Amino acid sequence: MREYSILMIVCLLLYSCCDKDTCFAQKQPVRIIFDTDMLTDPEDVNALCLLHAFADRGEAEILACVANGHEHHRASGAVIDVVNTFYHRPDIPIGTYKGNYTNKRSTYTFVLRDRFPHDASDDDALIDALEIYRQILSQQPDNSVTIVSVGFLLNLHDPLNSKPDKVCDLDGKELVRKKVKELVVMGGKYPEGKEYNFYFGGVAASARYVVDYWPDEIPVIFSGNEIGDRIISGRNYKSQLPDCPLRVALENAYDAINNGRESWDQTAVIYAIRGKNWNGNEYWKTQSEGSVFIDCDGSSKWLSLPDKNQSYLIESMPPDSLAEMMEQLILQSINNALKK
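Just so it is clear, the structure is predicted and the values come from calculations on it, not from any experiment.

Student: Would you take a moment to explain helix H3 (residues 43-56) for this structure?
Tutor: In this model, H3 (14 residues) spans 20 Å end to end at C-alpha, consistent with the 20 Å of a helix rising 1.5 Å per residue. For H3, the tally of buried residues reaches 13 of 14 residues, placing the bulk of the element in the interior. Of the residues flanking the end of H3, it is glycine 58, one or two places downstream, whose phi is positive at about 80°.

Have a look at this one:
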């Protein structure tokens, strides 16, 4: 009885000495593959910085990053490496899409590539994203990897459709079924509408394939355009953000350093790490009965049937509160990175 009492006292002392955020952060970190269209929008840099902020807190482990689409300067992978290096994680594997796709001209990728330290080659010389997916997934425990897709679904089409190879004797669908815990997609508009990641430049066919052929056993959560549209983050960055890759990206695209930017991609990152609820706060509700249909033109619509293992986010927490939370996490992580 005395030993039991001592144990209870120790537990209470430990609980009282740590804040709730710290206690929650002691959970097993979420294993993440980050799939981004690091092309024209600085919001992708913002989302990657947010992912590193979660990693700094012990909430995430970044297994790999892959870039989808073709960026005119072939610098998408270099920008990913710039951010990873800034956060003192320079060895995270990086892959790029090798299929055919219309080039997009960026106003910030080459600036970050030429200004900040990194050792990544141009996109054409980096490892194929397909190979990264198969390598990383095959090395992970079963049912352990969360994929966060915040761009086109081009990179997910190829692994899902892949054949057994020297890396793994499973085909793509079997590999996903065995290793992936959850897929979180920033894409579409719900309950119906049209959104860039599902339609631009002929990517609709890949989006349809992934949504239609994704293994039913693995949950898919969609954060639609309507969610991030209302969350304007970074309005305080002009006065508070030090010189860093994020600030330079925001200064060179969409005048985001002055106006802030919609937070489409960050919402997918937050859900992937923290889910709907965290520390007593409800970030979102979800619609889970039904499934997404993607038309040939890339427009999305939520159907009541068939009922698949799919959901989409519905706003719960006020957008300004989510924006403030993201800003605080990112500012703290950037300042910490500069001190190391």
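Next comes the rest of the account.
Student: Would you take a moment to explain the sheet that holds strand S18 (residues 310-315) for this structure?
Tutor: Two modes of strand pairing occur in sheets, parallel and antiparallel, and in both the strands are linked by backbone hydrogen bonds. Taken in spatial order, the nine strands of this open sheet run S6-S4-S2-S1-S7-S8-S10-S18-S15, and their pairing is mixed. The sheet is open, and its two borders are formed by strand S6 (127-128) and strand S15 (284-287), each paired with just one other strand. Where helix H8 (residues 172-179) meets the sheet, it contacts strand S7 (145-149) and strand S8 (180-186), and its direction lies at approximately 105° from that of S8.

Student: Teacher, can you tell me more about the pairing of S18 here?
Tutor: In the case of a regular strand, side chains alternate between the two sheet surfaces. Judged from the three bridges that link them, strand S10 (residues 220-223) and S18 form a sheet pairing that is parallel. Bridging across to S18, valine 220 finds its partner in glutamine 310. In terms of strand pairing, S15 meets S18 through four bridges, oriented antiparallel. Bridge pairing in S18 links tryptophan 284 to glutamate 315.

Student: Is there a simple way to explain the nonpolar core in this structure?
Tutor: By size, the foremost hydrophobic cluster in this structure holds 68 residues, and its most contacted members are Phe34, Val45, Leu51, Leu246 and Ile270. In this view, valine 45 contacts Met38, Val79, Val83, Tyr108, Pro245, Leu246 and Ala249; residues no more than four positions away in its chain are not counted.

Student: Sorry if this is basic, but what is going on with the side chain of arginine 261 here?
Tutor: Here arginine 261 lies in strand S12 (residues 261-262). Judged by relative accessible area, which is 14%, arginine 261 ranks as buried. In this structure the side chain of arginine 261 is engaged in a polar contact, spanning 2.8 Å, whose partner is the side chain of aspartate 41. When near neighbours in sequence (up to four residues on either side) are disregarded, arginine 261 contacts Asp41, Glu43, Ile231, Ile232, Ser233, Tyr254 and Ala256.

Student: Can you walk me through the pattern of salt bridges in this structure?
Tutor: Following the criterion strictly, the structure yields 15 salt bridges and no others. Note that aspartate 243 is salt-bridged to arginine 115, the shortest N-O span being 2.8 Å. One end of the pair, aspartate 243, is in the loop between helix H12 (237-240) and helix H13 (245-251); the other, arginine 115, is in helix H5 (residues 109-115), and 128 residues separate them in sequence. The class for arginine 115 is partly exposed, based on a relative accessible area of 46%. One salt bridge connects arginine 230 with glutamate 315, and the closest N-O pair in it is separated by 2.6 Å. Taken as a pair, arginine 230 in the loop between helix H11 (225-229) and strand S11 (232-233) and glutamate 315 in strand S18 lie far apart in primary sequence, 85 residues in all. A relative accessible area of 34% places glutamate 315 in the partly exposed class. Linked through salt bridges whose partners overlap, the residues forming this network are Asp41, Arg261 and Glu262.

Analysis parameters
- Residues numbered from 1 in each chain as written.
- Predicted model: local features only at pLDDT ≥ 70, side-chain atom pairs only at ≥ 80, totals over all residues.
- Heavy atoms only, no water.
- Helix = DSSP H or I, 4+ residues; strand = E, 2+ residues; numbered from the N terminus.
- Expected span 1.5 Å × (residues − 1).
- Buried < 20%, exposed > 50% of the residue type's maximum accessible area, 1.4 Å probe, protein only.
- Pairing = 2+ DSSP bridges.
- Contact = heavy atoms within 4.5 Å.
- Axes fitted to C-alpha atoms, helices over the stretch in contact; angles between N-to-C directions.
- Core = buried A, V, L, I, M, F, W, Y, C linked by side-chain atoms within 4.5 Å.
- Polar contact = N/O pair within 3.5 Å; in protein donor to acceptor, adjacent residues only side chain to side chain.
- Salt bridge = Lys/Arg side-chain N within 4 Å of Asp/Glu carboxyl O.

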